[in-house]
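Structural overview
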Amino acid sequence: TNQWGLPYGHFPIGDGTNCPAGHFRNMRLVINLAFCGSVAGNRYFMDCPKQFKKFKTCNEWVESDPDELKEAYWKIRGVYVYEREWQKQWS
């Protein structure tokens, strides 16, 4: 928190910058639920052993029967947002 260095992609916002804080209102958080992304696709053989016997890649399985995934649910343990103390004044 206060001991952390500035992140690699630090973009200053607010007074004294070229990006006023007013540009950031009513934002939304998007959670990418890709079935076969770089993480999910690499774990497919472990997480879906039954499907892996028939379909050697995650993409093959998803493409084989889209109705099987018509309703999908996830448990999200948490979403964490970190901000520095001095940034809270912009909120």
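Treat the numbers as computed from the prediction; the structure is a model and nothing was measured.

The rules behind the values
- Residues numbered from 1 in each chain as written.
- Predicted model: local features only at pLDDT ≥ 70, side-chain atom pairs only at ≥ 80, totals over all residues.
- Heavy atoms only, no water.
- Helix = DSSP H or I, 4+ residues; strand = E, 2+ residues; numbered from the N terminus.
- Buried < 20%, exposed > 50% of the residue type's maximum accessible area, 1.4 Å probe, protein only.
- Contact = heavy atoms within 4.5 Å.
- Phe/Tyr/Trp six-rings, centres within 6.5 Å; stacked < 30°, edge-to-face > 60°.
- Patch = residues over 30% accessible without salt bridge, like charges linked within 9 Å, V, L, I, M, F, W, Y side chains within 5 Å.
- Areas by Shrake-Rupley, 256 points an atom, 1.4 Å probe, with all protein chains shown as cover.
- Salt bridge = Lys/Arg side-chain N within 4 Å of Asp/Glu carboxyl O.
- pLDDT = per-residue confidence, 0-100.
- Disulfide = S-S within 2.5 Å.

1. What to know about the overall build of the protein chain
Across its full length, the protein chain holds 3 helices and 0 strands. Listed N to C, the secondary structure of the protein chain is α-α-α in terms of helices and strands. A buried classification covers 11% of the 91 residues belonging to the protein chain. Taking contacts inside the protein chain between residues at least 6 apart in sequence as the whole, the part at least 24 apart equals 36%.

2. Considering the environment of Gly37
Along the polypeptide, Gly37 turns up in the segment before helix H1 (38–47). According to the relative accessible area criterion, Gly37 is partly exposed, its value standing at 26%. Sequence separation between Gly37 and Asn59 is 22 residues, and the spatial gap between their C-alpha atoms is 9.4 Å.

3. As for the packing of aromatic side chains
Under the counting rule described, the total for this entry stands at 3 aromatic pairs. Members of the aromatic cluster, connected to one another through ring pairs, are Tyr44, Phe45, Phe52 and Trp61.

4. What to know about a nonpolar patch on the surface
On the surface, Leu29, Ile31, Leu33, Phe35, Trp74, Ile76, Val79 and Val81 cluster together into a nonpolar patch covering about 800 Å² of accessible area. Structurally, Leu33 can be placed in the segment before H1.

5. Focus on the confidence of the model for the protein chain
Chain-level statistics for the protein chain give a pLDDT mean of 79 and a share of 81% at 70 or above. Mean pLDDT values for the elements of the protein chain range from 77 in H1 up to 92 in helix H2 (residues 49–54).

6. Focus on the state of the cysteines
One pass over the full model with this rule turns up 0 disulfides. The structure places no disulfide on Cys48, whose sulfur is separated from the nearest cysteine sulfur, that of Cys58, by 6.5 Å. Take Cys48: its relative accessible area is 18%, and that puts it in the buried class.

7. Remarks on the side chain of Gln51
Topologically, Gln51 is positioned in helix H2. Apart from the residues within four sequence positions on either side, Gln51 is in contact with Tyr44, Trp61 and Glu68.

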